[in-house]
Protein chains: 2
Amino acid sequence: MKAMFQRDILPHIAAAGGGAAIHIRTLHTFGAGESTVAERLGALMQRGRNPSVGTTVANGVVSVRIYSSFESPERALRELEQTCDACRQALGDLIYGQDEETLADVVARMLIERSRTIATAESCTGGLLSKYLTDIAGSSAYFVQGWVTYTNESKQKLLGVPGELIERHGAVSEPVAAAMAQGAMRLSGASYGVGISGIAGPSGGTPQKPVGTVCIALADAGETAVRTFVFPGDREFIRDRAAKMALSILRFRMLDRELSF
Amino acid sequence: MKAMFQRDILPHIAAAGGGAAIHIRTLHTFGAGESTVAERLGALMQRGRNPSVGTTVANGVVSVRIYSSFESPERALRELEQTCDACRQALGDLIYGQDEETLADVVARMLIERSRTIATAESCTGGLLSKYLTDIAGSSAYFVQGWVTYTNESKQKLLGVPGELIERHGAVSEPVAAAMAQGAMRLSGASYGVGISGIAGPSGGTPQKPVGTVCIALADAGETAVRTFVFPGDREFIRDRAAKMALSILRFRMLDRELSF
C-alpha cells in the first residue's frame, strides 16, 4: 500500500497542490499553563503569520504547533526551522520534546545517556509513574524497582519512613514524601528515588490540604528536593498531572536547572 | 442547561420522533475472543432482529451492544431487558459488567463487598495493575500495597523469591510468578497476592518464550493458581491485556468459578 501510494498517488496530490508545500512541527511543554506559554511566545503567535504558531493542550501538556506553508518544500522547511528556533528561544527548558515524543521518552533517554537508574515510591499515583517509566521498550536499563505504598503501615515497613514523621506531619506532607524518595533510593541502590504522596480525591481533602494536594520529592546521593503542588481537576487528572510533574522534576534535575515554573 | 434542555427541548425531540423510543445497553466481556462471543450469542445476533445485538472490541474488551427501538418507551425497555437476559444466559460469567463499568470497578466492588484486600507484585506490567486497582475512588479500602520488581535482584530481595527458582526456571516462569504472588500476600498481609512476570517486548523473546508470554499468579490463604498466556500485539497491548487478565482471574476466584476461557 505504501509503495502504491508513493508511486501512483502522491505525485497527483503534489501536482494538484500547485507546488505549495507544508511542513508542520509540534513542540511540547509541561509545567507552565497555556497562558504563560502564549505570553512567552508573544508576537510569534500573531494572526496571519507564516509559519503560524498556535498552542493546544492535552493531558496537561501544552503543545506549540508550527505550521509552515510556502511555494517550495525547501523554503517551507527552512522557515519552519527558523520559527522553531524562535519558539525554543522564547520557551527554553519548558520544551521537553517534539512531535511523537512523550515526557517519559525524554526522561528515559536522559537516564540512559547518563547511565543513571531510578526507583519510585508512590502513594496517590498508585503505580502510574512506574507505568509511565516502563512504557518504553528497554526500560530495564534504568528502572530498578517501584513501591506502591498506599497505607501508612506500608510506608513505614517497606520504605522505612519513620512513623513519627507520619504522625507529626501527616502522610501527605513534604517530610514523608522526602523520606519515601530516600527510602526508595537507598533500598534499591538506584541513582534517583522519587516519592509521591497526595490526595487524589474525590474525598480525603481538608481545608489545609484540599483534594489535589500532592507532595513530590526527588532524592539523589547529593540532595533531596521536595515541593507541594495543588492540581485542579478530577482524580484521573490529578494522578496524571502528579506523575508527569515527577518526570518533569527529574528532567530538570538531570539538566541541572531549577524548575522554571 | 440541563433543566432548560429537559423542559424546553426534550419534548420537541420526543414529539418529532413520532413517539418511537430507543433503549440501549452494552454488556462487557473479557477473556474470550470476539468470534467466541458471537458464536455463543448465536441467533441473537441475526440481522433484522429487534432489539438488535452486535459486538464491538476495544482494548481487549469484547462488548455486546443491545439496541431496542419500539413505539413506546415501556416496550423498548421491556424488550431490551428480555434480550439482555438472553445474552446473559448465553455468555454467563464472561460478562463482567455493563455500560460505564470497567473490570477494575467490578473487581473493586467485589473486594469491598467481601472485605478482602489485595497486594500486587508486577514485573512486565510495571505498575499498570496497581494503577487500574487505584483508579477508583476509595481504593484504600482494598488496595494494600504493590511492588514493581523489574530486576531479578529486586524479586529476590523485596519479595523473597528464591534465587534458585529464577536460575532454574527463568524470571518469566510459573514458579517465579507464583512466588511473587505469595511474597506480595505474605509481606502485605492482604487477602490476595497477584504476581505477574512476562515479556512485553519488543525484544527479549525466545523461541520457547516469545514476546507476549506472561505468567500470572493469584495467591490466597488457600491456594496459588498460576497460568501462562501468550498475548499478541505490541508492548502497550500486551501490558494492558496482562493487567486486565489478572483482574479477570481475581474476579473468577471471587466468584469461586474456574476461568471459562
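Before any of the text, the structure's been laid out above.
The sections below set out a description of the structure shown in this document.

Taken together, the 29 residues of chain B in the interface contact 29 residues of chain A. Counting each side, the surface lost to burial between chain B and chain A is near 2,100 Å², with a carbon and sulfur contribution of 53%. There are two salt bridges connecting chain B and chain A. The partner of Asp135(A) in a salt bridge is Arg239(B), with the nearest N and O atoms 2.9 Å apart. Linking chain B with chain A are 24 residue pairs in polar contact (both at pLDDT 80 or more), by the criterion used here. Within the residue set of the side of chain B that touches chain A, elements represented by two or more residues are helix 5 (128-134), strand 6 (143-149), helix 6 (152-159) and helix 9 (235-255) of chain B.

Below, the discussion takes up the sheet that holds strand 3 (residues 61-70) of chain B. Residues and elements named next belong to chain B. Strand order in the open sheet formed by four strands is 2-3-1-4, with antiparallel pairing between adjacent strands. Two strands lie at the open edges of the sheet, namely strand 2 (52-58) and strand 4 (95-98), each paired on one side alone. Each strand axis lies, on average, 25 degrees off the axis of its neighbour in the sheet, ignoring direction. With ten bridges joining them, strand 1 (residues 21-30) and strand 3 adopt antiparallel strand pairing. Residue pairing in the sheet places Arg 25 in a bridge with Ile 66 of strand 3. Relative to strand 2, helix 2 (residues 34-41) is tilted by about 165 degrees, and along the sheet it contacts strand 1, strand 2 and strand 3. Sheet strands touched by helix 9: strand 1, strand 3 and strand 4. Its angle to strand 1, the strand with the most contacts, is close to 95 degrees.

This part covers the relation of the copies chain B and chain A. Think of it as a corkscrew move, a rotation about one axis and a shift along it, taking one chain copy to the other. The transformation that overlays chain B on chain A combines an axial shift of 0.0 Å with a rotation of 180 degrees, and the residual RMSD is 0.1 Å. With respect to symmetry, the two chain copies, as superposed, fit the operation of a two-fold axis. By residue overlap, the copies meet face to face through one surface: 100% of the interface positions of chain B are interface positions in chain A.

With that out of the way, let us pick up helix 4 (residues 103-113) of chain B. Residues and elements named next belong to chain B. Within helix 4, burial applies to Leu 103, Ala 104, Val 106, Val 107, Ala 108, Met 110 and Leu 111. For helix 4, the secondary structure elements touched by its buried residues are strand 1, strand 4, strand 5 (118-122), helix 5, strand 7 (192-198) and helix 9. Ser 115, located one to two residues past helix 4, shows a positive phi value of around 55 degrees.

Another aspect to go through is the packing of helix 2 of chain B against helix 3 (residues 73-91) of chain B. Residues and elements named next belong to chain B. Interaxial distance between helix 2 and helix 3 falls to 8 Å at its minimum, and their mutual angle equals 120 degrees. Note on packing geometry: the crossing formed by helix 2 with helix 3 is right-handed. Of helix 3, the residues touching helix 2 (which contributes Val 37, Arg 40 and Leu 41) are Cys 87, Ala 90 and Leu 91. Considered class by class, the residues forming the contact of helix 2 with helix 3 number five nonpolar, no polar and one charged.

Right, let's talk about the packing of helix 4 (residues 103-113) of chain A against helix 9 (residues 235-255) of chain A for a bit. Axis angle and axis distance: for two packed helices, these are the angle between their axes and the distance between the axes, and together they describe the pair. All names here are of chain A. Axis separation between helix 4 and helix 9 bottoms out at 10 Å; the angle between their running directions is 35 degrees. Along this stretch, helix 4 crosses helix 9, giving a crossing that reads as left-handed. Side by side, helix 4 and helix 9 meet where Leu 103, Ala 104, Val 106, Val 107, Met 110 and Leu 111 of the first sit next to Lys 244, Leu 247, Ser 248, Leu 250, Arg 251, Met 254 and Leu 255 of the second. Looking at side-chain class alone, the contact of helix 4 with helix 9 contains ten nonpolar, one polar and two charged residues.

Quick look at the pairing of strand 6 (residues 143-149) of chain A now. Summarising burial for strand 6 of chain A: seven of the seven residues are buried, a large majority. Relative to strand 6 of chain A, strand 5 (residues 118-122) of chain A runs parallel, the two being bridged by five bridges. Its bridge partner lying in strand 6 of chain A, Glu122(A) is registered against Val148(A). This β-α-β element, strand 5 of chain A to helix 5 (residues 128-134) of chain A to strand 6 of chain A, shows right-handed connectivity. Pairing of strand 6 of chain A with strand 6 of chain B, which is carried by five bridges, proceeds in the antiparallel orientation. Across the sheet, the residue bridging to Gln145(A) is Thr149(B), located in strand 6 of chain B.

The subject of this paragraph is the environment of Met180(B). Residues and elements named next belong to chain B. Mapped onto the secondary structure, Met 180 falls in helix 8 (residues 174-188). Between the alpha carbons of Met 180 and Asp 240 there is a distance of 19 Å; along the sequence they are 60 residues apart. Excluding residues within four positions of it along the chain, Met 180 makes contact with Ala 121, Glu 122, Ser 123, Thr 149, Lys 155, Leu 159, Val 161, Gly 195, Ile 196 and Ser 197.

Calculation rules
- The residue count restarts for each chain, going from 1 along the sequence in the order it is written.
- Lettering of chains starts at A and numbering of ligands starts at 1, both following the order in which they are written.
- In view of the model being predicted, local features appear only for residues whose pLDDT reaches at least 70, and side-chain atom pairs are presented and counted only at 80 or more, with totals across whole chains, interfaces and linings using the full set of residues.
- To obtain the side-chain values, all non-hydrogen atoms of the structure were included, while hydrogens and water were left out.
- Residue contacts are defined here by distance: any two heavy atoms, one from each residue, within 4.5 Å place the two residues in contact.
- Here the quantity called buried area is the total loss of accessible area, with a 1.4 Å probe, experienced by two parts when brought into contact, counted for both.
- A pairing counts as a salt bridge when a side-chain nitrogen of Lys or Arg comes within 4 Å of a carboxyl oxygen of Asp or Glu.
- Two N or O atoms count as a polar contact when they lie within 3.5 Å, although within protein this holds only if one can serve as hydrogen donor and the other as acceptor, and sequence-adjacent residues are included solely when both atoms are side-chain atoms.
- Where helices and strands are cited, they refer to DSSP runs of H or I of at least four residues and of E of at least two residues respectively, numbered from the N terminus.
- When DSSP finds at least two bridges between two strands, those strands are taken to pair.
- Fitting a line to C-alpha atoms yields each axis, with helices limited to the stretch in contact; the angle taken between N-to-C directions then spans 0 to 180 degrees.
- The copies are overlaid by a least-squares fit using only the C-alpha atoms of residues whose pLDDT is at least 70 in both copies.
- Three exposure classes are used, based on accessible area relative to the maximum for each residue type with a 1.4 Å probe and protein chains only: buried under 20%, partly exposed in between, and exposed over 50%.
- Two helices crossing with the near one rotated counterclockwise from the far one by less than a right angle form a left-handed crossing, whereas a clockwise rotation gives a right-handed crossing.
- When residues are grouped by polarity, Ala, Val, Leu, Ile, Met, Phe, Trp, Tyr, Cys and Pro land in nonpolar, Asp, Glu, Lys and Arg in charged, and all others, Gly among them, in polar.
- For a crossover, the right-handed case is the one in which the path from the first strand over the helix to the second runs clockwise, viewed with the strands pointing away from the viewer.

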